[in-house]
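Below, each chain spelled out in residue letters.
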Amino acid sequence: MHKIGFGYDIHRLEAGRKLVLGGVDIPFRAGLAGHSDGDALAHAVIDALLGALGEGDIGSRFPDTDPLFKGARSVGLLGDVVGLLRERGAEIVNVDSVIVAEEPKMGPHIPAMKAVLCPVLGISATNLGIKAKTNEGLGPVGEKRAIACYAVALIRLPD
Ligand code: MG
């Protein structure tokens, strides 16, 4: 049986924080606020996987009130979720995602993101889509106050 899941996340940009997306440190004047490292791409992928598995969401699994997850590398949390999938006998077929950011330019960092995420997800680079676009100056993302990410995941489960 195959199941799909969908995930979305948005984080505020905050001066003086490190910008981490897809597990990659990206040089920029601001980073994403959050209890963890604020990696909105990893969070969207986590929610897509949990959604496909029927296992709630990132907030219920990794509560932002838990000091254990303060400053956590979100790619580590993603690895935990992939472990949960494996426990259920599931495997990931593919993941596709979109980063919506006015700046900085994401394109040059996508190969590094794939290099980090593919081994964690256990899929090849052709089965991980990461696309980047701006929000055409509209809304909080367009005004450079936030970065948003969307992801879908297809998983295969035992019948
Ligand atoms: Mg988040």
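Report follows, based on the coordinates.

Each value, and the rule that gives it
- Residues numbered from 1 in each chain as written.
- Predicted model: local features only at pLDDT ≥ 70, side-chain atom pairs only at ≥ 80, totals over all residues.
- Heavy atoms only, no water.
- Helix = DSSP H or I, 4+ residues; strand = E, 2+ residues; numbered from the N terminus.
- Buried < 20%, exposed > 50% of the residue type's maximum accessible area, 1.4 Å probe, protein only.
- Contact = heavy atoms within 4.5 Å.
- Expected span 1.5 Å × (residues − 1).
- Arc of directions from axis to C-beta.
- Donors = N, O, S within 2.8 Å, 3.2 Å for Na, K, Ca; no water.
- Pairing = 2+ DSSP bridges.
- Axes fitted to C-alpha atoms, helices over the stretch in contact; angles between N-to-C directions.
- Core = buried A, V, L, I, M, F, W, Y, C linked by side-chain atoms within 4.5 Å.
- Salt bridge = Lys/Arg side-chain N within 4 Å of Asp/Glu carboxyl O.

## Details of the environment of Gly56
Phase 1: Its place among the elements puts Gly56 in the loop between α1 (40-53) and α2 (58-61).
Phase 2: Since its relative accessible area comes to 49%, Gly56 is described here as partly exposed.
Phase 3: Along the sequence, Gly56 and Leu138 sit 82 residues apart, while their C-alpha atoms lie 31 Å from each other.
Phase 4: The contacts of Gly56, once residues within four sequence positions are left out, are Leu50 and Gly51.

## Observations concerning helix α4 (residues 110-121)
Phase 1: Here α4 spans 16 Å end to end across 12 residues, near enough to the 16 Å set by a 1.5 Å rise per residue.
Phase 2: Every buried residue belonging to α4 is among Ile110, Met113, Leu117, Cys118 and Leu121, and all of these are buried. Down the axis, α4 shows its buried residues gathered within 120 degrees of arc, on one side only. α4 presents Pro111, Ala115 and Pro119 as exposed residues on the side facing more than 90 degrees away from its buried surface.
Phase 3: Looking at the buried residues of α4, the elements they touch are β2 (19-21), β3 (24-26), α1, α3 (74-87), β5 (91-100) and β6 (128-133).
Phase 4: Immediately downstream of α4, the backbone of Gly122 shows phi near 70 degrees, a positive value.

## Observations concerning the coordination of the magnesium ion
Phase 1: The protein atoms that coordinate the magnesium ion are Asp9 (OD), His11 (NE2) and His43 (ND1), at distances spanning 2.0 to 2.2 Å.
Phase 2: Between consecutive donor residues of the magnesium ion, the sequence gaps follow D-x1-H-x31-H. Of this pair, Asp9 sits in strand β1 (residues 2-15) while His43 sits in helix α1; the two residues are 34 residues apart in sequence, bridging distant segments of the chain. Of the two residues, Asp9 and His43, both sit in the buried class.

## Some remarks on the sheet that holds β6
By way of backbone hydrogen bonds, the strands of a sheet pair with one another, either parallel or antiparallel.
Phase 1: Pairing is mixed across the open sheet formed by 5 strands, whose spatial order is β4-β1-β7-β5-β6. Looking at which strands have only one partner, the edges of the open sheet turn out to be β4 (30-32) and β6. Direction aside, neighbouring strands of the sheet carry axes that sit 20 degrees apart on average.
Phase 2: Pairing analysis gives 3 bridges linking β1 to β4, with the strands arranged antiparallel. When the sheet's bridge partners are listed, Glu14 is paired in β4 with Gly31.

## Examining the pairing of β1
Phase 1: Sheet topology note: the β1/strand β7 (residues 146-156) ladder contains 11 bridges and is antiparallel. Across the sheet, residue Ile10 finds its bridge partner in β7, namely Ala148.

## Here's the deal with the nonpolar core
As a rule of thumb, nonpolar side chains are buried together in soluble globular proteins.
Phase 1: If you look at the biggest cluster of nonpolar residues, it comprises 48 residues, and the most contacted ones within it are Leu21, Leu49, Ile99, Leu121 and Ile147.
Phase 2: Among the elements that take part in this core, α1 stands out by supplying 10 residues, more than any other.
Phase 3: Here Leu49 is in contact with Leu78, Val81, Val82, Leu85, Ile92, Leu121, Ala153 and Ile155, once residues within four sequence places are set aside.

## Points about the pattern of salt bridges
Phase 1: Using the criterion set out here, one finds 10 salt bridges in the structure.
Phase 2: When the shortest N-O distance is used, the salt bridge between Glu55 and Arg61 registers 3.2 Å.
Phase 3: You can call Glu55 partly exposed: its relative accessible area is 21%.
Phase 4: Across the salt bridge formed by Arg145 and Glu143, the nearest N and O atoms sit 2.8 Å from each other.
Phase 5: You can call Arg145 partly exposed: its relative accessible area is 47%.

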